[in-house]
Amino acid sequence: MKSNKIVFVGIAIAVLFISIVGIGLIIRNQSGGRSVDTMMNHIKVKEKTPTKASVSLDDSSLYDELPEIAKYPLAVTGYGDVNIEIMTSPEKAGKDYESWLIDVATKFNKANVTTPGGRTIGVSVRSVSSGLAADYIISRKHTPQLFTPSNYLWGEYITANGGDVTLNKRMVGNTAGLLISKGSEYNTYDSIIKAVQDGKINIGYTNPQTSSTGMNLLISILKDGSEDINSDAAIENYKKFNQNIPFVAYNTMQMRDSASKGTLDGMILEYQTYVNESNLNKLYDFIPFGIRHDNPLYIVGESTMPDEEIAACKAFNDYCMNSDSQSLAKKKGFNANDDYKSDREITGAEVNRALAIYKANKDNGQDIIAVFVADCSGSMSGDPINQLKQSLSNGAQYINENNMVGLVSYSTNVAIEVPIAKFDLNQRAYFQGGINSLTASGSTASYDAIVVAMDMINKAKEQNPDAKAMIFLLSDGYQNQGYKLKDITPALKDSEIPVYTISYTSDADTDAMKKLSGINEAATINADSDDIVYKIKSLFNSQM
């Protein structure tokens, strides 16, 4: 009898346990823990018959899509008899510790400095990333009188691409650095690079096409392999490094966010930022590398510039170099680490070649599977949908032919416009046909479309399991139909597929898009009709 009771109690416990597990699974499913296959059962998907459209094989320049310079407004405006503009990298023309050049220019404008002819000089300051500013100058779409990037690589790059600049080698001193977790056994530049190449640590670096620090690291690693960056040894050294990088950050903010989440063991950053950010200098050690970031000052187009403007440029340079301006720079974190030197001299031809090597080898021959998800809901009607179509069409030339690409559209329901296939000329024609057919109407099932894109990628990876996957969501960020972000987050996190989000309206739901991109360390790009085409092409050029 006692034995029967024990058996009965055991059975009751087992039933109770199974019930609890079952209820837990039900709760988990109801709270967003559903698999892609399960979620697909509740999504209405239309598979369209792809149609081809003609494509242009002419390689248009990225310069053609540069936004109007008004997208980057003046931080300081000069009102002198002779006015000059200085285009500067952001760490010198932002807020708080990044405001040095703004402060100096404001004081200069109040000082009533004059030309030798007695006319007052006004200085305007415009903050633009170094690589983008170089593109403006080379293309002559906007030519300031003065240009101060973070390092001299961009001056060499401008000269090598037909620009006309002259050099003042240093305005304020700075250094690029590798940040590595405090206490790490890898505490020198060489040991950090070797540890990355051996797969022992993860670090992040920024897109060298726009970032001075990213460009510096790219060239440093190439030259570590061989002083001749065209050599097999140089390229192999970079490929060995890059194959163990989880991702190349679209911008510094994306990289820093990943580091704060513990995704990265280290990253690259300038010393002036590092020393001013207590959350960084408490967690990381700073290891300087590469050429110095001494913020050179260039006169742009001196050979054709009026004498009064040349005099004004030189007067402002002298003002930047006086003791008060340099003392202020030191307070902002500049003019430190002056004992760090670099003997390397990099030419503009080497910068051009390094960028070509980066584009050709950044994925180390690894195939990419990408699905573009286009928001065709009613809120995208008018200019946003037109810009979406234009940016996809123009950006397609920057997608490598070895990549696998598909196109999805959505409004109330989801449609597969173009199934995933290798992006050869045939697929590109189908891709363009899909773009041409996009129209805006209906509700917004954003996350249903992401699930469909994940499902397409999962099936494509059955044939190519080692391929690198990514999703590009082109939208205004709003969702009012189907699954919510919390519903798809577990499955998306498990998939490890990064979702790059690109907003097309000034009132986009950027918080939702940032959350979606943040799940698997992708970037969010906020743009409007004036600059979206350039930003999309830049993103494709770095990621695809």
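Because the structure is a prediction, the values reported are computed rather than measured.

### Overview of the nonpolar core
In a soluble, globular protein the nonpolar side chains are often hidden away together inside.
Part 1 of the reasoning: Core analysis: the biggest nonpolar cluster contains 67 residues, and Phe147, Leu178, Tyr205, Leu217 and Phe241 have the highest contact counts within it.
Part 2 of the reasoning: The contacts of Leu217, once residues within four sequence positions are left out, are Tyr189, Ile193, Tyr205, Phe241, Ile268 and Phe289.
Part 3 of the reasoning: With 36 residues, the next largest nonpolar core counts Val36, Ile416, Ala449 and Tyr483 among its residues.

### What to know about the packing of helix α5 (residues 153–160) against helix α14 (residues 348–361)
Part 1 of the reasoning: Where α5 meets α14, the axes come as close as 7 Å, and the angle between the chain directions of the two elements is 95°. Judged on the interaxial angle alone, α14 and α5 are roughly perpendicular. Contact with α5, carried on its side by Leu153, Glu156, Tyr157 and Ala160, involves Gly348, Ala349, Val351, Asn352 and Leu355 of α14 and no other residues of that element.
Part 2 of the reasoning: Of the residues belonging to the contact of α5 with α14, the class tally is six nonpolar, two polar and one charged.

### Observations concerning the sheet that holds strand β2 (residues 74–76)
Part 1 of the reasoning: The sheet built from six strands is open, its strands ordered β2-β4-β3-β5-β12-β6 with mixed pairing. The strands lining the two open edges of the sheet, one partner per strand, are β2 and β6 (165–168). Adjacent strand axes in the sheet meet at a mean angle of 30° when their direction is disregarded.
Part 2 of the reasoning: Across four bridges, β6 lies against strand β12 (residues 297–300) in antiparallel orientation. Following the sheet pairing, Leu167 is matched in β12 by Tyr298.
Part 3 of the reasoning: Where helix α3 (residues 100–110) meets the sheet, its contacts fall on β2, β3 (82–88), β4 (121–127) and β5 (146–148), and the angle it forms with β4 comes to roughly 165°.
Part 4 of the reasoning: Against the sheet, α5 makes contact with β5, β6 and β12, and its axis sits at roughly 160° relative to β6, the strand it touches most.

### Here we look at helix α13 (residues 323–331)
Part 1 of the reasoning: Within the sequence span of α13, burial applies to Ser325, Gln326, Leu328 and Ala329. Looking down the long axis of α13, one finds its buried residues gathered within 155° of arc, a one-sided arrangement. Exposed and facing more than 90 degrees away from the buried side of α13 are Ser323, Asp324, Lys330 and Lys331.
Part 2 of the reasoning: The inward-facing, buried residues of α13 contact α3 and α12 (307–320).
Part 3 of the reasoning: Regarding α13, its N-cap is Asn322, as a side-chain oxygen of that residue lies 3.1 Å from the backbone nitrogen of Asp324 further along.

### Regarding the confidence of the model for the chain
Part 1 of the reasoning: On average, residues of the chain score 86 in pLDDT, and 86% of them are at 70 or above.
Part 2 of the reasoning: Taking the mean pLDDT of every element in the chain, the minimum, 41, falls on helix α1 (residues 2–30) and the maximum, 98, on α3.
Part 3 of the reasoning: Contacts for the low-pLDDT stretch residues 1–32, under 50 throughout, to residues beyond four places or in other chains number six contacts.

Basis of the calculations
- Residues numbered from 1 in each chain as written.
- Predicted model: local features only at pLDDT ≥ 70, side-chain atom pairs only at ≥ 80, totals over all residues.
- Heavy atoms only, no water.
- Core = buried A, V, L, I, M, F, W, Y, C linked by side-chain atoms within 4.5 Å.
- Buried < 20%, exposed > 50% of the residue type's maximum accessible area, 1.4 Å probe, protein only.
- Contact = heavy atoms within 4.5 Å.
- Axes fitted to C-alpha atoms, helices over the stretch in contact; angles between N-to-C directions.
- Helix = DSSP H or I, 4+ residues; strand = E, 2+ residues; numbered from the N terminus.
- Parallel < 35°, antiparallel > 145°, perpendicular 65-115°, else oblique.
- Nonpolar A, V, L, I, M, F, W, Y, C, P; charged D, E, K, R; others polar.
- Pairing = 2+ DSSP bridges.
- Arc of directions from axis to C-beta.
- Polar contact = N/O pair within 3.5 Å; in protein donor to acceptor, adjacent residues only side chain to side chain.
- pLDDT = per-residue confidence, 0-100.

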